[in-house]
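Each chain, letter by letter, is given below.
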Amino acid sequence: MHIRMHMDSEFSGIRERRFKITRKYLVYVLFALPAIAYVIGLSIIPAITVVYQSFLVAGKFSLYNYSVLPSYGLYASIGNTLIVSVGALLIQLILALAIAMVMMKPFAGSKIFSSIVIIPFGISTIVSAFIFSLIFTNVGGFANGVLVAFGFKPVVWFSSSISDLGVVMFSDFWKNTPLVALILYGGLSSVSPTLYEAASVDGAGAFKRFTHITLPAIAPLISIALLVRGVSEFNIFALPLVLIGYHPLILNTLIYENYSTLATRPISYAAATVLLLIIMAYSIFVLKIGGAKQYAK
Amino acid sequence: MPNKTNPLIYIVVLALALLFFYPFWVLFLIAFEPTKLTFGLIYPLQFPLEITLTNIVNSFNQVDLLGPLMRSLEVAFIVGGLALLLGIPAGYGIAKLTARISNKIIAFLFIINMMPGLVIAIPISLYFYSAHLENTVLGVALAQELVVLPLTVFIIMGGFRSLPRDLENQARVDGAPLSSTFARVLLPLIRVPILIAFILSWMTSWDEFTYAFIVAPIVPTDSTFPVALYNYVTRDLPLQSATFALVATVPVIVLVVVFQKYLKGQYLSGGLIG
């Protein structure tokens, strides 16, 4: 009994000390509280609302909204979203890598070059969508103008679902490659140039230096770019809306199309929940594969 | 000679520069060429044979361009200002916490950022409707704030972290209250991160479409420029749209060129890089 009381008081001593530390930190947490509360109030709660509403039909729990989703084009729109996202990411990664590697080298006009490739970062998506709608017009259009000027046959850009998606995934490069290039450039510039020199003295060719030094050095940054860009790629909305409208559907245009009619609004909640799940699954996948270490740091 | 520049690089440079410059060029041609050379031809030429200001002047007379631009300006300044108002205290507080806790908070904020814009915008617009914030400058700004807040907190936290630890204590020992230490000692030292955070927030808001489209959708004169531009594009008014796109793009080009040296991967990917 006596011993126990003694132990109790000792424990409470530790607890008190811990409380003191916590209380010191609590003040600092208070500074961050408005920002955190803002984000929870305007982001987590709405997201929960959408998920909750998607399971309601006439005020009762039901899976009805999900059971009719396929007839609204769910599977095709998921497939299309994946095609556009993966394709756009690949295009952006390749272009960004080329830009970042070029920017590492000294050459005349490098300042102007970096300005030209970075400026589209500030372009509004809707402006980019508008310009690319002028470039890829079926009849005429600037892309066909270039082709015809060089003696090629004009192309009907919007001729099938696949070519429509192709135009969207390509057009996305303009605004979004600069960010990826800046991320990769940050990684490349951290590699010591002596490493390349040593490798070429040892007889490693350009390709070997690329696969053995460059790629490993920027692998973690590629996974970060994949996370940051990949998530926004699943969210593209303005670009497909302007370029292809609702045919073929991607998840976001499916959500919006059903949201804009009051009768099908619950359907859009169910589709939004599906999109939320896909994005969460993708983020967890990328973090597990490559970014986890950086993320935890 | 390790520093010799391979002439092949100029081919890559030229190709990339052309690719990234071409969309600007198309916008320029549409805006400044007479329509007989752009929409009048099946295959528009790539070089301007004639330059005119008629398209621009007519567009300003035909549609309301200044209204949406002024709204965008208002929204962007509210978003930038509110980001600092919430982000500076948050960045300060989080910088003071142990790395373990602060990283959790930052990670939490960024996970929020991964939420699909459309998924969040829809219920928000319904809340705003009952709070009479739909189709208002404030409503659009409050919704867009979500997009910029995590990055703002992260950049400003980085600024506070880079300051020497003793600095604040010394100022406090001298008897200055926290508020004046903050205003006179700390804030001037992190003016660069604050500026970057503000510019990035401002630009994000200026360009943002999804939230603006859902919160202030209907009347073009009531919406920000991206929504109004979308409206003109879908109404098949390419000349007016081109003028609009041009006028709205000039300020961001200036901003990006002026602040180019601050646009770095580690800022923009927000927290995910060490």
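Computed from a prediction, not measured in an experiment: that's the story for all the values here.

On to the domain arrangement of chain A, then. Residue and element names in this part refer to chain A. Looking at the assigned domains, one finds that chain A contains domain 1 (2-54) and domain 2 (70-296). Each of domain 1 and domain 2 was reduced to a C-alpha centroid, and the two centroids are 40 Å apart. Counting the surface lost from both domain 1 and domain 2, the interface buries some 410 Å², and carbon and sulfur atoms represent 82% of this. Sorting the residues of domain 1 by area buried against domain 2 places V50, V51 and S54 first, and these three jointly supply 74% of that buried surface. The tally of links from domain 1 across to domain 2 stands at zero salt bridges. Counting every contact that joins domain 1 to domain 2 gives one residue pair in polar contact (both at pLDDT 80 or more). Looking at side-chain class alone, the side of domain 1 that touches domain 2 contains two nonpolar, two polar and no charged residues.

Close approach of charged atoms allows side chains of opposite charge to pair. Counted under the stated rule, the structure contains four salt bridges over all chains. Between A:D172 and A:R229 there is a salt bridge, with the nearest N and O atoms lying 3.6 Å from each other. Placement of the pair is A:D172 in the loop between helix 7 (161-171) and helix 8 (173-188) and A:R229 in helix 10 (residues 206-234), with a sequence separation of 57 residues. For the salt bridge of B:K36 with B:E50, the shortest nitrogen-to-oxygen distance reads 2.9 Å. Residue B:K36 is found in the loop between helix 1 (8-32) and helix 2 (54-62), and its partner B:E50 is found in the loop between helix 1 and helix 2; the two are separated by 14 residues along the sequence. Judged by its relative accessible area of 52%, B:K36 is exposed.

If you look at the interface, chain B gives 91 residues, while chain A gives 91 residues. Surface buried jointly by chain B and chain A totals about 7900 Å² across both partners, of which 82% is contributed by carbon and sulfur atoms. Scanning the region where chain B abuts chain A turns up one salt bridge. Linking A:K175 and B:D207 is a salt bridge whose minimum nitrogen-to-oxygen distance equals 3.7 Å. Taken together, the connections running from chain B to chain A amount to eight residue pairs in polar contact (both at pLDDT 80 or more). Looking at the side of chain B that touches chain A element by element, the count peaks at 16 residues for helix 1 of chain B. Taken together, the residues of the side of chain B that touches chain A sort by class into 73 nonpolar, 15 polar and three charged.

Quick notes on the rules
- Residues numbered from 1 in each chain as written.
- Chains lettered and ligands numbered in written order.
- Predicted model: local features only at pLDDT ≥ 70, side-chain atom pairs only at ≥ 80, totals over all residues.
- Heavy atoms only, no water.
- Domains from an automatic or database assignment.
- Buried area = accessible area lost by both parts, 1.4 Å probe.
- Salt bridge = Lys/Arg side-chain N within 4 Å of Asp/Glu carboxyl O.
- Polar contact = N/O pair within 3.5 Å; in protein donor to acceptor, adjacent residues only side chain to side chain.
- Nonpolar A, V, L, I, M, F, W, Y, C, P; charged D, E, K, R; others polar.
- Helix = DSSP H or I, 4+ residues; strand = E, 2+ residues; numbered from the N terminus.
- Buried < 20%, exposed > 50% of the residue type's maximum accessible area, 1.4 Å probe, protein only.
- Contact = heavy atoms within 4.5 Å.

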